[in-house]
Amino acid sequence: MTDISENTATRPKADFLHRFSMRDAGTLIGLIVILAVFGALVPGFFAERNLINILQQSSINACLALGMTLVIISGGIDLSVGPTAALSAVISASMLVAGVPFPLAIVSSFAVGLACGLLNGVLVAHVGLQPFIVTLGTLSTYRALALIYTGGNPVLGLPAGFRSIFNGSLFGLPLAVVIVAVVALVAWIILKKTPFGEYLLAVGGNEEAAYIAGVPIARTKIAAYMISGLLAALAAQILIGRLGAAEPILGNLWELDAIAAAAIGGASLMGGKGSVVGTILGAVILGAMRNGLTLMNVQSFYQLLATGLIILAAMLIDRVTRGRG
Amino acid sequence: MTDISENTATRPKADFLHRFSMRDAGTLIGLIVILAVFGALVPGFFAERNLINILQQSSINACLALGMTLVIISGGIDLSVGPTAALSAVISASMLVAGVPFPLAIVSSFAVGLACGLLNGVLVAHVGLQPFIVTLGTLSTYRALALIYTGGNPVLGLPAGFRSIFNGSLFGLPLAVVIVAVVALVAWIILKKTPFGEYLLAVGGNEEAAYIAGVPIARTKIAAYMISGLLAALAAQILIGRLGAAEPILGNLWELDAIAAAAIGGASLMGGKGSVVGTILGAVILGAMRNGLTLMNVQSFYQLLATGLIILAAMLIDRVTRGRG
Amino acid sequence: MSPRLQFAGISKLFPAVRALDDVSFSVGAGEIHGLLGENGAGKSTLLRILSGVYRPTAGSVLIDGQPVTLNNPVAARAAGVAMIHQELQQVPRLSVAQNMFLGHPLTRGGIFVARGEQERRAAEALAALDPSIDPAAPLGSLKVAQRQIVEIARALLDRARIVAMDEPTSSLTPSEFERLAEVIVGLARDGVAVVYVSHKLDEVFGICKRATIMRDGGVVDSVDLAQVSEKSVVAMMVGRELAQEQHRSHATGDVRLSVRGLASATKVHDVSLNLNRGEVLGIAGLVGSGRTELLRLLAGTDRASSGTIEIDGKAVRFSGPRDAIAAGIGLVPEERKREGIVPLRSITSNMALASMGVFAPRGVIDHRRLKRVAAEKMKRVNLRPFLLDRPIRLFSGGNQQKAIIGRWLAAGTRILLFDEPTRGIDVGAKAEIYHLIEELAAEGHSVVVVSSELPEVIRLADRVLVMRDGTVAAELDRASLSEQAIAAHAIPQTQMQVGKTGPQARQ
Amino acid sequence: AADLAPLNSDTEKDRIDWSQLEAKFGAFPKLPDGTKAGAVSKTLTNEYWRSLGEGYKAFGDRVGVPVVYQAAQSEGDQLGQLTIAEGLVTQGYNVLLVSPQTDSNLQPIMEQAKAANVPVVNVNDAVIPQAEHYVGNVQRDNGVRVAKWFIKNRPNGGKVAIVEGQAGVYAAVQRTDGFKTTITEGGKFEVVASVPGNWDRQTSYDAATNILQQHPDLIGFYANNDGMALGIVEAVKAAGLQDKVAVFGTDGISDAYASIRAGELTGTVDSFPVLTGEVALETALRLVAGQKLPRVVATPQALITKDNADRYSGPDARKALLEDAAVGQ
Ligand SMILES: Nc1ncnc2c1ncn2[C@@H]1O[C@H](COP(=O)(O)OP(=O)(O)OP(=O)(O)O)[C@@H](O)[C@H]1O
Ligand SMILES: Nc1ncnc2c1ncn2[C@@H]1O[C@H](COP(=O)(O)OP(=O)(O)OP(=O)(O)O)[C@@H](O)[C@H]1O
Ligand SMILES: [Mg+2]
Ligand SMILES: [Mg+2]
């Protein structure tokens, strides 16, 4: 009365691989469609220089979106990435301007990012508040701290040596792109190969089951927010390296782009689901779109329209290629 | 399993009532604390005129937050309320300026709000996309439409007759406050007394079970988004009546305030849970805070800080008085 | 020598509920100890204390005579306790092996998850129970029964000193229980103390030497099962004698539901059946034979790809459950928690969900009428505790089930479809639900009962359809009804051979 | 650019008034064939920036140079603006006119443009410290002019309030500071409130209502832009204090003019965006033609009230401003 399951034994595995690739394939198709459309409409869109531009312009959002993806997988959301970046930027920048050695300043920036993430994580995991509201509150709080710390003024005159760290290039790619690629690789390994990655998926997928299985729920969530804070700080370092200045209002609305990239890439805001590859593709979709619309000289109102419609279209493509959920 | 339940028969009921009122009581305590603090710090804070001001200034957010509450209860979220308000505002305003009779213009505004909500709802309910992403996409789309429609210019010169509709007062209360109070009453009745209210709570509480029990899932969700759109349009009418102009950039970041009010009032972004009374209290908390900070002439950076901290504090008070989640 | 496991004066208070009251008993090494009691008696709460999910309000747990502090699941695991939870505690998106090792993954160098090694060890643990389960498959692709087996196999991985099993067979068929029984006996032979909770008394009598019976959070007695009858154990559980009721038929000759050539895109092929007024139609079959899917087609929750449905001679088409409900059909689903209840809402709201039109004829709910009907229907199904405003999630499974039955009574449903109506429900409540089904039939309702428990089908059904591979393999009337007859038709001929020579050939 | 001192557009010595361009550098020079200009500004949701674009286009049409004018999707979209500017550099425009969101967000453009040998002109608002060329007015001066109006027209002093733009934005900080410092110098005026209006009409309306309720004896408001000022006007009207409270905005958008003519808004500081656009493009194209210009070209500002609104609007505005310049105002 038992062995009926025999013949289904191999099926689920094939199905799993199939669905796995389908997932990111949906996003990839979205990207290819968008690239093809712009390639056809914009001369020079496929120039090597422009493709590098797209990567470079996507790199900061990709960096944030990777952290966001981990938080989203854990069942949370981090609206405070922009202000976290701003706070860590102005603090490290003012250290740099005061002559503190680069490594120390950079490490301090990361420490600030981690601390911001820690606070978010503790409020979510230990106090049990809703992630959306916690990070909405810290969104204002961190921004205010950055403004108060600087009196609202930009921190100017970052040392050239510091800037060159982030402005170099490697194998013909801007260093920022290389750094984010490395971060993506690490995130991919974390998610696919480490216990922490499993914990994230488990906590976001079924928190009670994860607890009963002995997964350290609070630590997992807090770590996700801290990574998000850390990557926000890294994005801030890349940016102030490029800009040569740190502003307290830096990172305005970054959270929306990062969430959009993660969602286009297949992360579910219900938790338990998300893909590093997908998120990177999502960030490049958004970057390519901005770049292409600019090169086409589309007026800003229509760019806004296109942004909205492309987010919807990407989700639709995704939905069609991937199935519900 | 039998006899123990008999003698606990009264206990759990008391407990339930207790907890039921505890819920909104938590929010109420938050409001009282904030009022007390400002009352102590700001002379004239409790002046009748100022209390009316607070209500008036909370009314628009309360109006939006009521719609948001219904959407959140259904398990969704509506980030597009601000642009929906803007689009309906500029369309009705340009009709008014062109001499269209008031009722027709107002009805058109409502129709625009309903249409915006309908699109959100269809994409969520029928296409099965994530509410956060759908309304993030329509956030840009509706805003772009409002900007394109007006070329970015405000629509000025609304007829005085129209403005007086929304600027009058009744029983010594500004009409805007009265309107929103009526809306709140209707929302309360909907949630407590109608099948639609039960459906909302069921769909947000357990969609699969609701489906099997014959609840019209799609219609319920779509209706929630349409109500949210309608209330955004109503808020827009109140606002343009007050300001005498309709701007395409009206309603920037309204969604965050509305979500904050609903969440402070006890709505859970996981769906299935929320309170009309709580939401109204949440909106008044935010309004009182803004009012008090202005009267104290707190510098803008510190206002931002206070905004963040008060959102966190309100959630903490709520959490402590109500128990987890 | 001190017993392997000892509960000493354990009490547990929840807000307004005393779930456990001074529970003491012990289990020796190598003993398989049954834990019996009605829904809500406190069995799961006790085991959750043992596995570190809850902390006791008073009392202590001793292992090998030493008091242990079990503050969380990790501590319990470290103390040598493995637990199979009543509710499946799994993450659908992770693989079978990842679920089995969740919380304590095998690693390479302490950094990377050793997937291959995990899958190998998982396959070993699964081999004794169901070797067909692929450890690399995502758990969500498995059927409920297979998921339950994974849950059992997970507990075996730990080589624990104490294994607690909370209704491990609620989704399993008798033959799967046979294999589990072998595994449990093996554990006991190795000196493991096993605590076994089940509502299926024959299982408990089959493998346990002793059992503790709980009622209302307290211990009634610990008994030697060889010395007591099933009947007296039931009496201890329920606190009174349960009359053994016999099947009674109320079927009439009027065909109410007539199905011809019904098929779904996936699992159901060419099903035809008739259902009469007052009739209870049983549907038996193996797991995966398509019973649930057939019910879902009839209830309108899934779309049929071909075939016709007639009710009282009129053809109907369902584009959703609403249509089926309007036609007088209601489904009491298999997975109560996922498909049945809206957990935060009250009993009344859950009951009224399918009949809002009745309670709100003019758009506004008539709460007085609603209250009256809720009181009436819930009295009818004997809801306990009788607290209509209490959120349904705080009720026991049996009472949740009663509320869902009440939902269809309130909606005036004439055709009731039950999918595994007594899964996870205690003997007392089970008898009540059987009684209720018979009463409904007597009143002229037509009832379909899908069940994997053959005694249940035989107890209830006027007529039984046996399904195999998505189609009706046989129709048995009461005269020809027996467990052997059903099994003979349910098992495909080719597999019968395998079945005979398989490891489960105990008995 | 490394040895160039960080630009402070308000104090830079190497400057020239817009009115002197032709006098000092001659008639508009001949341009290389195919010259095209690219411009990027903050946002088109504010009329000020659309008018600036009109100025670019008007001057471009006059001299036969095509101008591409783009803007970020919203104020504060710093990286989006950078993307746009980078796109313009890639596309090979001969000169760039940029109005950055912040002092630093377009910094990378300065380097990329230098590498591509494209001159960059910073037009108004935020100031890139490395900018070699700046066309625009003195932000601080907006506030100073309004303060001077109060000092002159309300000799008895009194309570005034400021409604600020988005916290931390350059123009908001400078305008607020100019007003606050100037008006409190004599000791007669008291700034009783300086609160954020976030460039938003509704927020400003609510803030003004609260301030008026607390200080019914207030004599004036200064708002960092006109949209906020128009919101304040409505609040003042609703409080029935329109005869007692003077309201000033900044920018000189057309709605502000309309409101001034209707006797509601007391005044605004017009910084003549169309003219600024014309001057900026002229400056940029002179650079393309190889002329060496001073680092800062100052564009005009004027306090507009009901009395002089007509003089500064319409076709004669340019003439009026040239007259002002001649008088040395
Ligand atoms: N988390 C909780 N909060 C409040 N009450 C609870 C909680 N968990 C269990 N209870 C209550 O404790 C009592 C014992 O429940 P328990 O789940 O232990 O029963 P059980 O014997 O396992 O029943 P079943 O056979 O239905 O599984 C019940 O009255 C139940 O409602
Ligand atoms: N449409 C569906 N949606 C979700 N789950 C489904 C659906 N149809 C079937 N299932 C699940 O698939 C499994 C097999 O269902 P099927 O109808 O084939 O078998 P069954 O004979 O009812 O077996 P079981 O004994 O598991 O109820 C069950 O666990 C059922 O819950
Ligand atoms: Mg139990
Ligand atoms: Mg089934």
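Scroll up to find the structure this text is about.
Just so we're clear, the structure is a prediction, and the values are computed from it rather than from any experiment.

Helix and strand content of chain D: twelve helices and 13 strands. Taking 329 residues into account, the globule formula puts the C-alpha radius of gyration at 20 Å, and chain D, at 20 Å, falls close to it. Once local pairs closer than 6 in sequence are excluded, the contacts in chain D between residues at least 24 apart make up 75%. When the accessible surface of chain D is totalled, it reaches about 11500 Å², and 50% of it is carbon and sulfur.

Once that is clear, we can look at the interface of chain D and chain A. At the junction of the two partners, chain D supplies 35 residues and chain A supplies 33 residues. Between chain D and chain A, the buried area comes to about 2700 Å², and carbon and sulfur atoms account for 52% of it. Remark: the boundary between chain D and chain A carries three salt bridges. Between the two partners, chain D and chain A, sit twelve residue pairs in polar contact (both at pLDDT 80 or more). Among the elements of the structure, β3 (67-71), α3 (78-90) and α4 (107-115) of chain D are those that each provide at least two residues to the side of chain D that touches chain A. Here the element with the most residues in the side of chain D that touches chain A is α3 of chain D; it accounts for nine residues. Here the residues of the side of chain D that touches chain A are counted per class, giving twelve nonpolar, 17 polar and six charged.

Turning next to the site of ligand 1. Residues and elements named next belong to chain C. Among the 16 residues in the neighbourhood of ligand 1, the closest are listed as N39, G40, S44, T45 and Q86. Backbone polar atom of G42 to an oxygen atom of ligand 1: 2.9 Å apart, as the coordinates give it. One of the side-chain N or O atoms of Y54 is found 3.2 Å from a nitrogen atom in ligand 1. Against a free-state accessible area of 630 Å², the protein chains account for coverage of 76% of ligand 1. Secondary structure elements with two or more residues in the shell around ligand 1: β2 (17-27) and α1 (43-50). At three residues, the largest contribution of residues to the shell around ligand 1 is made by α1. When grouped by side-chain class, the residues that make up the shell around ligand 1 number six nonpolar, seven polar and three charged.

With that out of the way, let us pick up the sheet that holds strand β13 (residues 255-263) of chain C. All names here are of chain C. The sheet built from four strands is open, its strands ordered β14-β13-β16-β17 with antiparallel pairing. Each edge of the open sheet carries a strand with a single partner, namely β14 (271-276) and β17 (314-316). Strand-to-strand twist in this sheet, taken as the mean axis angle between neighbours without regard to direction, amounts to 20°. The sheet contact formed by β13 and β14 spans five bridges and is antiparallel. Across the sheet, residue L262 finds its bridge partner in β14, namely V271. Most of the contacts of helix α9 (residues 291-298) go to β13, to which it runs at about 115°, and overall it touches β13, β14 and β16 (306-311).

Looking now at the sheet that holds strand β1 (residues 5-14) of chain C. Strand pairing in a sheet relies on backbone hydrogen bonds, with the paired strands running either antiparallel or parallel. Residue and element names in this part refer to chain C. In space, the four strands of this open sheet follow the order β2-β1-β4-β5, with antiparallel pairing throughout. Each end of this open sheet is capped by a strand with a single partner; those strands are β2 and β5 (66-68). For this sheet, the mean angle separating the axes of adjacent strands, direction not counted, is 30°. For β1 and strand β4 (residues 58-63), the ladder comprises five bridges, and the chain directions are antiparallel. Bridge pairing in β4 places L5 opposite I63. Seen against the sheet, α1 touches β1, β2 and β4 and runs at an angle of roughly 115° to β1.

Here we come to the coordination of the magnesium ion (ligand 4). Angles at a metal have ideal values that depend on geometry: 109.5 degrees with four tetrahedral donors, 90 or 180 degrees with six octahedral donors. All names here are of chain C. Protein-derived ligands of the magnesium ion (ligand 4) are T292 (OG1) and E334 (OE), with the metal-ligand distances lying across 1.7 to 2.6 Å. Taken together, the residues T292 in helix α9 and E334 in the loop between β18 (329-332) and α11 (336-340) connect sequence positions 42 residues apart. Note on T292: relative accessible area 27%, which makes it partly exposed. A relative accessible area of 19% places E334 in the buried class.

As a further point, take the pairing of strand β15 (residues 280-285) of chain C. Residue and element names in this part refer to chain C. Where burial is concerned, most of β15 is hidden: six out of the six residues are buried. Both faces of β15 are covered, namely the face carrying V280, G282 and A284 and the face carrying L281, I283 and G285. Relative to strand β20 (residues 446-450), β15 runs parallel, the two sharing four bridges. By the bridge assignment, V280 is partnered in β20 with V447.

Another point: the arrangement of the chains. Taken together, the five pairs of chains in contact show their highest number of contacts between chains A and B. At the level of C-alpha atoms, the two units chain C and chain D stay apart, their nearest approach being 36 Å.

Let's shift gears to the coordination of the magnesium ion (ligand 3). Binding of the magnesium ion (ligand 3) to the protein goes through S44 of chain C (OG) and Q86 of chain C (OE1), at separations of 1.8 to 2.1 Å. Highlighted residues: S44 of chain C in helix α1 and Q86 of chain C in the loop between β6 (81-84) and α3 (96-100), separated in sequence by 42 residues.

Right, let's talk about the pattern of salt bridges for a bit. What the rule picks out here adds up to 58 salt bridges over all chains. For E198 of chain B, the salt bridge is made with R345 of chain C, and the minimal N-O distance between the two is 3.1 Å. Of the two residues, E198 of chain B sits in helix α9 (residues 195-205) while R345 of chain C sits in the loop between α11 and α12 (347-352), which places them in two different chains. In this structure E198 of chain B comes out as buried when scored by relative accessible area, which is 6%. Between E339 of chain C and R338 of chain C there is a salt bridge; the shortest N-O distance is 3.2 Å. According to the relative accessible area criterion, E339 of chain C is buried, its value standing at 6%. The structure contains a network of salt bridges with shared partners spanning E208 of chain B together with R296, D302, E335, R338 and E339 of chain C.

Each neighbour pair has its own omega, and for R384 of chain C with P385 of chain C the value is -10°, a cis peptide bond. As for its position among the elements, P385 of chain C is in the loop between α14 (367-380) and α15 (397-410). The phi dihedral of D270 of chain C is positive, around 50°, even though this residue is not glycine. Secondary-structure assignment places D270 of chain C in the loop between β13 and β14. The class for D270 of chain C is exposed, based on a relative accessible area of 53%. Although it is not a glycine, D125 of chain D sits at a positive phi angle of roughly 60°. With respect to the element layout, D125 of chain D can be found in the loop between β5 (120-123) and β6 (134-136).

Rotating chain A by 180° about the axis while translating it 0.2 Å along that axis superimposes it on chain B, leaving an RMSD of 0.2 Å. Here the transformation between the copies is reduced to the relation of a two-fold axis. Rotation axis and chain A: the residue whose C-alpha lies nearest the axis is M270 of chain A, separated from it by 4.1 Å. Taken together, the interface assignments show that 100% of the residues at the interface of chain A recur at the interface of chain B, consistent with an identical surface on both copies.

This brings us to the interface of chain A and chain B. Taken together, the contact between chain A and chain B spans 44 residues of the former and 44 residues of the latter. Counting each side, the surface lost to burial between chain A and chain B is near 3700 Å², with a carbon and sulfur contribution of 80%. The interface formed by chain A and chain B contains zero salt bridges. Linking chain A to chain B there are four residue pairs in polar contact (both at pLDDT 80 or more). Within the residue set of the side of chain A that touches chain B, elements represented by two or more residues are α4 (102-125), α5 (131-150), α11 (254-264) and α13 (300-322) of chain A.

All names here are of chain C. Around ligand 2 sit 15 residues in total, of which K267, R291, T292, E293 and E334 are the nearest. Within the contact set of ligand 2, an oxygen atom lies 3.3 Å away from a backbone nitrogen or oxygen of G290. Between an oxygen atom of ligand 2 and a side-chain N or O atom of E334, the distance comes to 2.9 Å. Taken by itself ligand 2 offers 590 Å² of open surface, and the protein chains cover 82% of this. Top contributing element to the shell around ligand 2 by residue count: α9, with four residues. Looking at the shell around ligand 2 residue by residue, the class counts come to three nonpolar, five polar and seven charged.

Here is what the cut-offs are and how they apply
- Residues numbered from 1 in each chain as written.
- Chains lettered and ligands numbered in written order.
- Predicted model: local features only at pLDDT ≥ 70, side-chain atom pairs only at ≥ 80, totals over all residues.
- Heavy atoms only, no water.
- Helix = DSSP H or I, 4+ residues; strand = E, 2+ residues; numbered from the N terminus.
- Rg over C-alpha atoms; globule rule 2.2 N^0.38 Å.
- Contact = heavy atoms within 4.5 Å.
- Areas by Shrake-Rupley, 256 points an atom, 1.4 Å probe, with all protein chains shown as cover.
- Buried area = accessible area lost by both parts, 1.4 Å probe.
- Salt bridge = Lys/Arg side-chain N within 4 Å of Asp/Glu carboxyl O.
- Polar contact = N/O pair within 3.5 Å; in protein donor to acceptor, adjacent residues only side chain to side chain.
- Nonpolar A, V, L, I, M, F, W, Y, C, P; charged D, E, K, R; others polar.
- Near = heavy atom within 4 Å.
- Pairing = 2+ DSSP bridges.
- Axes fitted to C-alpha atoms, helices over the stretch in contact; angles between N-to-C directions.
- Donors = N, O, S within 2.8 Å, 3.2 Å for Na, K, Ca; no water.
- Buried < 20%, exposed > 50% of the residue type's maximum accessible area, 1.4 Å probe, protein only.
- Least-squares fit on C-alpha atoms with pLDDT ≥ 70 in both.

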